[in-house]
Amino acid sequence: MRNNITLKIKHLVMIMTGIFILIPLASIYLIPQLELGIVKYKLANGSGVGKDKILELLEDNILPSQKYHLIEEHFLSGEWMNDYAIYVGPSMTTSVAADHDWPFISWEEKQPYIEDYLENGPINGYLQTAVMELAYEAIREGDDARLQEIYDRAVERLEKSEHSYVIPELKFSFIELHLQAGNLAKAESLLEQIDVPDHAYAKAEKKQYEAFLLLRKGQLEEALATVQQGLEEYRIAWEKEENEDLIEQSGVYEEMKKLENRLLTGPPANGAAEVAKVSGNISRQDGTPIKDAGVFLRDAADVTSSIRPDEWYQAKTDAAGNFEFTGVMPGDYQVFAGFQMEQIDGYFWPVDMNDWVRIDGTENIQYNITLAPLLEVNAPANEAVLEEETIDFSWEAVDEAAYYMLDFHIEESDVSYGMSWDSKVEENQLSLPVESLYNIYLNFFTDIAETKNDYFNPATVLGFENPEGHYSWNVKAFDEDGNLITQSNGYRLAEETIGNLPTMYLKQRELTAEDELLLAGELEQALDGYRNVLTTNPDDLHSLRMVARLIGIEAGGSFSTAQKLQQPYYEQLAELTADPIYLNQMLHYYYDTSDWEQYEKWYQKYKAALGETIDPYTKSIHANALLFQGEYEEAANLHKEALLEGSDNHNIGNLLAVEIYLGTDLDEVYDLAKQYPYMEYTTGNVGVVDWSVLISDIKQAVHDDARVIDTLHEGLMFFFKEQDTELQEWKEQTEQTSLTKFIRALEEVY
């Protein structure tokens, strides 16, 4: 009996000892595994994971494979843009902070783990990403020795693995980096070492980099000959390989064509276009420099897409806010900047969408970025509940401001729908009838199917007439030349920069039964209801507005049908309210349908409503209308007037066309294209429309054969007179591609 009891005591002691052993083992191994599981669960369910938890796990006792998986998922997932919270440029602004937990994991925090991955991580596709992440940083820091060290270590690891086949591609990437850094000798040495496989794409890629190297050396003619040789060899090889895809869809072909077009733009007057230097400074208006901001000199073809790590020209500002790009190839670029939230908190970069850096190799470029302080709004603000029929807006006066313009927003959960009120305000206050807000509209439907998407919100159709809606507003300040000085909306984080929140509720009306149907997503029933109201009260403004906005759901997918259905309702609204919004709607309807008699009628009404002060954009549209009515000289003069007053250059192509038709010297036309740049990526077969390039091509064609100008005049006549059949025949019969490309660009952008 005693032995049995003793045995039980021993087991008890062993069990107790096991518990005391299990607790530290759990803290070392089990708890990190549980926390790792929680992180994975949150990620799988779309929940954010704070950076502190990720960094804590990486330092905890998880398995090496799990550590490297975390590094892959959070540091090497291709989300390179996480280097900065905000990316700002003339063509677009991207807020990475909006889609991620804040604060970000900084480069300084990530770098040791990426270094570890390069040294000890698995050899797979992520390894190449790790290599390039480290290499891009070395380039931005100007550390050539570090760049070479990263390359040597990567090649050493790859050579010992089954992934050695990626080494040539890695070499191409490092050739590009050395070219960016100006290390031409190293780039040339690497290029000579590459033994590409017998494959058309790889051979073309090598030819492409040979051309890049020649260009960086300033040997533009040799670079052009090399890239054209590469294109021809690639075409022949492509046909032999019997590829099913179009060669134009091949990445290397697209890049070589881009380079060829750049080199064919034509040398400047002195005859020797070379690479140039672009340098500058980023600071606040008070002179405070912005250190460690990202700077990206972006090619015209890339400016409407997110920044990629492989783009050619990247830099980081030094302690004085300075940056520099050397060896910049001839072409058209826009400068983008990357900021952390604290760098741009309370500030705004007032950059114009047509702000281009044009490199022709004749001079170096100085480009400075000055961040302006955001202006403050006074009222209405801070969730103001408004019931009066007139709303009094006021804001901080801005020195140098000639006028202000307001935008209004519908705030829905995490989405803000913005609409502009296209009237200039000369003072820093405005009394606006609430009916003017009601007239602002957002939606245009061509089919009921468009309302079935998950992203559709029926409240946006009701606009500012929803008493349950949440609204905001902002104001922009412009100088006398139409240049944006600053604005009220921007990034405000610190207590001293938040200021008044420009938010409000509009409680001037109550929802009708038809409104309730609309908000419930019953659009067809709501439309019928609004129509029924109009049968008893034809002048009911609310029902007129709602029918005009909704009736497109019956258009069967046709834009023109939707316009025709809307037209009588918007015409009635224009007659009843004389609101410039509806007058402008009528103006554009008759412009689109080329009904010039009706267009002129509504243009005069629009002018009268605005007190004879027409905005530059509408002036340029009216210039187009004159052009299509044969008023060529008047059209040219009005286009120039609009440009001088701050038009966005969207219609510069039509001005160039009418100047050519009037017999203006092509050198003068080319200068106009350079003076008022506008580039647009079209969906047709033109690609990036750069009017100066198109005019340059026409100049060359006319130089080769003077009769070409007569052929162009004929095509322009068909275009101006909207003789579509004759124009199509002209395009098919004309052998001069520079002429047909110019006409296609006019058609697509117009």
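Presented here is a report on the structure given in the accompanying data block. (Residues numbered from 1 in each chain as written. Predicted model: local features only at pLDDT ≥ 70, side-chain atom pairs only at ≥ 80, totals over all residues. Heavy atoms only, no water.)

Examining the overall build of the protein chain
Scanning the protein chain from N- to C-terminus turns up 29 helices and 22 strands. Expressed as a percentage of its 750 residues, the buried residues of the protein chain come to 50%. Looking at the protein chain alone, contacts between residues at least 24 apart form 67% of all its contacts between residues at least 6 apart. In the form shown here, the protein chain has an accessible surface area of approximately 35700 Å², with 48% of it arising from carbon and sulfur atoms. (Helix = DSSP H or I, 4+ residues; strand = E, 2+ residues; numbered from the N terminus. Buried < 20%, exposed > 50% of the residue type's maximum accessible area, 1.4 Å probe, protein only. Contact = heavy atoms within 4.5 Å. Areas by Shrake-Rupley, 256 points an atom, 1.4 Å probe, with all protein chains shown as cover.)

Observations concerning the pattern of salt bridges
Scanning all chains against the criterion turns up 27 salt bridges. Between E149 and R146 there is a salt bridge, with its nearest N and O atoms 3.0 Å apart. Separated by 3 residues within a single helix, E149 and R146 lie in helix α6 (residues 144-159), roughly one turn from each other. Of the residues examined, E149 reaches a relative accessible area of 46% and is grouped as partly exposed. Among the residues examined, R146 registers a relative accessible area of 17% and is labelled buried. In this structure, K619 engages E641 in a salt bridge whose closest nitrogen and oxygen atoms are separated by 2.5 Å. In this pair, K619 sits in helix α22 (residues 616-628) while E641 sits in helix α23 (residues 632-644), placing the two residues 22 residues apart along the sequence. Among the residues examined, K619 registers a relative accessible area of 12% and is labelled buried. (Salt bridge = Lys/Arg side-chain N within 4 Å of Asp/Glu carboxyl O.)

Observations concerning the packing of α22 against α23
Following both chains from N to C, one finds α22 and α23 inclined at 165°, their axes separated by 8 Å at the closest point. On the basis of their axis angle, the class for α22 and α23 is roughly antiparallel. In the crossing of α22 with α23, the sense of the turn from one axis to the other is left-handed. In this structure, α22 contributes P616, K619, S620, H622, A623, N624, L626 and L627 to the contact, and α23 contributes Y632, E634, A635, L638, H639, E641 and A642. (Axes fitted to C-alpha atoms, helices over the stretch in contact; angles between N-to-C directions. Parallel < 35°, antiparallel > 145°, perpendicular 65-115°, else oblique. Left-handed = near helix turned anticlockwise from the far one by under 90°.)

Description of the packing of aromatic side chains
Enumeration according to the criterion identifies 35 aromatic pairs in this entry. Both rings, one in Y84 and one in F296, keep their centres 6.4 Å apart while their planes meet at 80°; by these two values the pair is edge-to-face. Of the two residues, Y84 sits in the loop between α3 (64-75) and β1 (86-88) while F296 sits in strand β4 (residues 294-299), which places them 212 residues apart along the sequence. The pair Y84 / F296 is uniform in exposure class, with both members buried. Measuring from ring centre to ring centre gives 6.3 Å for Y313 and F325, while their planes differ by 75°; the resulting arrangement is edge-to-face. Within this pair, whereas Y313 is found in strand β5 (residues 313-316), its partner F325 is found in strand β6 (residues 322-328), the two being separated by 12 residues in sequence. The burial state of Y313 is the same as that of F325; both residues are buried. Each member of the aromatic cluster is reached from another via a ring pair, and the members are Y591, W596, Y599, Y603, F628, Y632, Y661, F719 and F720. When the ring centre of Y403 is taken as reference, the NZ or CZ atom of K424 above it lies at 4.5 Å. Positioned above the aromatic ring of W602, the side-chain terminus of K605 is 4.5 Å from the ring centre. (Phe/Tyr/Trp six-rings, centres within 6.5 Å; stacked < 30°, edge-to-face > 60°. Lys NZ or Arg CZ within 6 Å of the ring centre and 35° of its normal.)

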